[in-house]
Structures are given as C-alpha cells and as structure tokens.
Amino acid sequence: MAHRFKKHYSREEARALLPTLRKWLKQLQQSREWLRTRDRELEKPLTEGCDLGGEKVNAWIKHLSQLQRVLREFDTREIQVKDVERGLLDFPAIIGGREVFLCWEKDEDDIEFWHDLETGYAGRERLE
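Now for a quick tour of the structure. Keep in mind the model is a prediction, meaning the values are calculated, not measured. (Residues numbered from 1 in each chain as written. Predicted model: local features only at pLDDT ≥ 70, side-chain atom pairs only at ≥ 80, totals over all residues. Heavy atoms only, no water.)

### Let's talk about the side chain of Asp110
For step 1, the next point in the chain: Note on placement: Asp110 falls in the loop between β3 (98–105) and β4 (113–116).
For step 2, the next point in the chain: Here Asp110 falls in the buried class, since its relative accessible area comes to 18%.
For step 3, the next point in the chain: Not counting the four nearest positions on each side in its chain, Asp110 is found in contact with Arg11, Arg15, Leu18 and Trp104. (Helix = DSSP H or I, 4+ residues; strand = E, 2+ residues; numbered from the N terminus. Buried < 20%, exposed > 50% of the residue type's maximum accessible area, 1.4 Å probe, protein only. Contact = heavy atoms within 4.5 Å.)

### With respect to the sheet that holds strand β1 (residues 80–83)
For step 1, the next point in the chain: The strand order β1-β2-β3-β4-β5 describes an open sheet built from five strands, whose pairing is antiparallel. This sheet does not close on itself; its edge strands, each paired only once, are β1 and β5 (125–126).
For step 2, the next point in the chain: Pairing between β1 and strand β2 (residues 88–95): three bridges, direction antiparallel. When the bridges of β2 are listed, Val81 appears paired with Leu89. (Pairing = 2+ DSSP bridges.)

### What to know about the environment of Ala14
For step 1, the next point in the chain: Mapping Ala14 onto the fold places it in helix α1 (residues 11–47).
For step 2, the next point in the chain: Judged by relative accessible area, which is 0%, Ala14 ranks as buried.
For step 3, the next point in the chain: Ala14 sits 65 residues away from Ile79 along the chain, and the two C-alpha atoms are 9.4 Å apart.
For step 4, the next point in the chain: If we skip the residues at most four places from it in the chain, Ala14 touches Tyr9, Phe91, Leu102 and Ile111.

### Topic: the pairing of β2
Looking along a regular strand, one sees side chains alternate from face to face of the sheet.
For step 1, the next point in the chain: β2 sits mainly inside the fold: six of its eight residues count as buried.
For step 2, the next point in the chain: Counted between consecutive antiparallel strands, the loop separating β1 from β2 contains four residues, among which Gly87 sits at a positive phi close to 70°.
For step 3, the next point in the chain: The sheet contact formed by β2 and β3 spans eight bridges and is antiparallel. Note on β3: the bridge partner recorded for Ala93 is Val100.

### Section: unusual backbone geometry
For step 1, the next point in the chain: You will see that Glu78, though not glycine, has its phi angle at about 60°, which is positive.
For step 2, the next point in the chain: With respect to the helices and strands, the residue Glu78 is situated in the loop between α2 (54–76) and β1.

### Quick notes on the nonpolar core
General note: in soluble globular proteins, nonpolar side chains tend to be found buried as a group.
For step 1, the next point in the chain: Leu21, Phe74, Leu89, Phe91, Leu102 and Ile111 are the most contacted members of the largest nonpolar core, which totals 21 residues.
For step 2, the next point in the chain: Elements with a minimum of two residues in this core: α1, α2, β2 and β3.
For step 3, the next point in the chain: In terms of residues, this core owes the most to one element, α1, which gives six residues.
For step 4, the next point in the chain: Every residue in contact with Phe91, bar those within four places of it in the chain, is listed here: Tyr9, Ala14, Leu21, Ile79, Val100, Phe101, Leu102, Trp104 and Ile111. (Core = buried A, V, L, I, M, F, W, Y, C linked by side-chain atoms within 4.5 Å.)

Have a look at this one:
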C-alpha cells in the first residue's frame, strides 16, 4: 500500500519536537496578529489611493516572510498546521499498519491522540 507521506513520526519523535513546535506556533501567532493589525491600519489609506511608502511596506513584507519561513519549517517536516490560533498540529504516523495522524494542540502537555487521515479532529481517539 502506498503512503501519502514520506515521513512518519513515532509518538516519541513527535513528543521530542514539542518545545520547538511551541516556539514556532508562538512566532506564527505573533506574525499573524501583527499582519492583521497592520492590514486594518492600512486598509483606509490604501482605499483612498495613498502611497504608503517604504518603511511600512518593508515591515509588512518582513513579517509576512517570517510567517512563510516558519510555515516552511512545518512543511519540510510534513507536520500539518490545521489551526494556528488553537495550535492544532497533525503528524503523519503509522498505527496498526495504517497511515494516520498523531494529533496535538498547543495546550496539551503530550501527544495523546490520533485520528484517520480523513476524519480529522472530530475522529480523535486516545493513544493507548
């Protein structure tokens, strides 16, 4: 049977990444919030046809690049970011010979759940 993912995580491998993943999620959340705030601030001047100039645009691009860089860190490891605000991540894994996701949220202390590739969060089951 062909697998959708090249990398599959054991519970221990996923657990070992949690401190780094928490840091990356915090960076993602901060960048997203900064961008959201600036978008609201820039919306009116842009619709009025104002030229915003270099400094504001450069800062916006810098934060967008930071967000993309962190997302690539997840992507290269095949860890799926399902919800940035909740810090919901899925790690490809093999359980009982089946390809599944280990499922983790940032407020959880450990990797304790899994679900089928198609069922998503609603199909979460506790790891034994």
